[in-house]
Amino acid sequence: MDNTKRVNMVLDYIEQQLCHELDEEAVSRIACCSFQQFLRVFSYIAGISLQEYIRRRRLTVAAMELRQNRENI
């Protein structure tokens with residue numbers, strides 16, 4: 001399995017766990033490498049760090065929820 005497929009599998013896991021703490025062991029199992037190695041591969045492929053990707057995804061989800069609910073903050 002190539003690195004791109006592994007990254008995509010981890011991204012699927014992250015999307016499912018977006019509102020929860022990231023389990024580094026689960027990421028390592030899915031990616032078939034150490035967490036540190038996966039971080040390097042992800043940054044190389046995506047052009048941003050994994051932490052930044054997760055932060056942006058969480059902000060996007062929060063913005064979508066705010067738009068749908070139309071409630072005051």
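For the structure itself, consult the block above.
Trainee: What is the right way to read the packing of helix α1 (residues 3–16) against helix α3 (residues 35–46) from this model?
Mentor: Between two packed helices, both the angle of their axes relative to each other and the distance between the axes serve to describe the pair. Where α1 contacts α3, the axes come no closer than 10 Å and their chain directions differ by 100°. When the axis of α1 is compared with that of α3, the two are roughly perpendicular. Contacts between α1 and α3 involve N3, T4, V7, V10 and L11 from the first element and F38, V41, F42 and I45 from the second.

Trainee: It is not clear to me how the packing of aromatic side chains should be interpreted in this structure. Could you clarify?
Mentor: Each aromatic ring pair is described using two quantities: the centre-to-centre distance and the angle formed by the ring planes. Counted by the stated rule, this structure contains 2 aromatic pairs. For the ring pair F38 and F42, a centre distance of 6.0 Å and an interplane angle of 45° mean the geometry is tilted. Residue F38 and its partner F42 are both found in helix α3; the two are separated by 4 residues, about one turn of the helix. Note on F42: relative accessible area 2%, which makes it buried. The interplanar angle of 65° and the centroid separation of 5.7 Å between the aromatic rings of F42 and Y53 together place this pair among those described as edge-to-face. Placement of the pair is F42 in helix α3 and Y53 in helix α4 (residues 50–69), with a sequence separation of 11 residues. Pair check on accessibility: F42 and Y53 agree, each one buried. Members of the aromatic cluster, connected to one another through ring pairs, are F38, F42 and Y53.

Trainee: For this particular structure, what's the right way to read α3?
Mentor: Each α-helix winds once per 3.6 residues, and so residues spaced three or four apart point in a common direction. Here α3 spans 16 Å end to end across 12 residues, near enough to the 16 Å set by a 1.5 Å rise per residue. Taken as a whole, α3 has its buried residues at F35, F38, V41 and F42. Projection of α3 onto a plane perpendicular to its axis shows the buried side chains occupying an angular sector of 115°, all on one side. Along α3, exposed side chains directed more than 90 degrees from the buried face belong to R40 and Y44. Buried-residue contacts for α3 involve α1, α2 (24–31) and α4. Phi turns positive, to about 85°, at G47, one or two residues after α3.

Trainee: Help me understand the pattern of salt bridges, please; the structure alone is not making it clear to me.
Mentor: When their charged atoms lie close together, side chains carrying opposite charge are able to pair. Enumeration according to the criterion identifies 3 salt bridges in this entry. For E52, the salt bridge goes to R55, with nearest N and O atoms at 2.7 Å. Here the residue E52 and the residue R55 both occupy positions in helix α4, the gap between them amounting to 3 residues, near one helical turn. You can call E52 partly exposed: its relative accessible area is 21%. A single salt-bridge network, built from bridges that share partners, covers E52, R55 and R56.

What counts as what
- The residue numbers shown here count from 1 along each chain, following its written sequence.
- Only residues with pLDDT of 70 or above have their local features reported here, since the model is predicted, and side-chain atom pairs are shown and tallied only from 80 upward, although totals for entire chains, interfaces and linings are computed over all residues.
- Derived side-chain values reflect all non-hydrogen atoms in the structure, with water molecules and hydrogen atoms excluded from consideration.
- For helices, the fitted line uses only the C-alpha atoms of the stretch in contact; every axis is such a line through C-alpha atoms, and the angle between N-to-C directions lies from 0 to 180 degrees.
- The helix count covers DSSP runs of H or I at least four residues long, the strand count covers runs of E at least two residues long, and both are numbered beginning at the N terminus.
- Orientation is classified from the angle alone, with under 35 degrees giving roughly parallel, over 145 giving roughly antiparallel, 65 to 115 giving roughly perpendicular, and any other angle giving oblique.
- Should any heavy atoms of two residues lie within 4.5 Å, those residues are considered in contact.
- Stacked, edge-to-face and tilted are the three classes for Phe, Tyr and Trp ring pairs, Trp counted by its six-membered ring, which pair at centre distances within 6.5 Å; planes under 30 degrees apart are stacked, over 60 edge-to-face, the rest tilted.
- Throughout, exposure labels follow a simple rule: accessible area from a 1.4 Å probe, protein chains only, divided by the maximum for the residue type, with under 20% read as buried, over 50% as exposed, and the rest as partly exposed.
- Here a helix's expected span is defined as the number of its residues, less one, multiplied by 1.5 Å.
- Relevant arc is that of directions from the helix axis to the C-beta atoms, nothing else.
- Put simply, a salt bridge is a Lys or Arg side-chain nitrogen that is within 4 Å of an Asp or Glu carboxyl oxygen.

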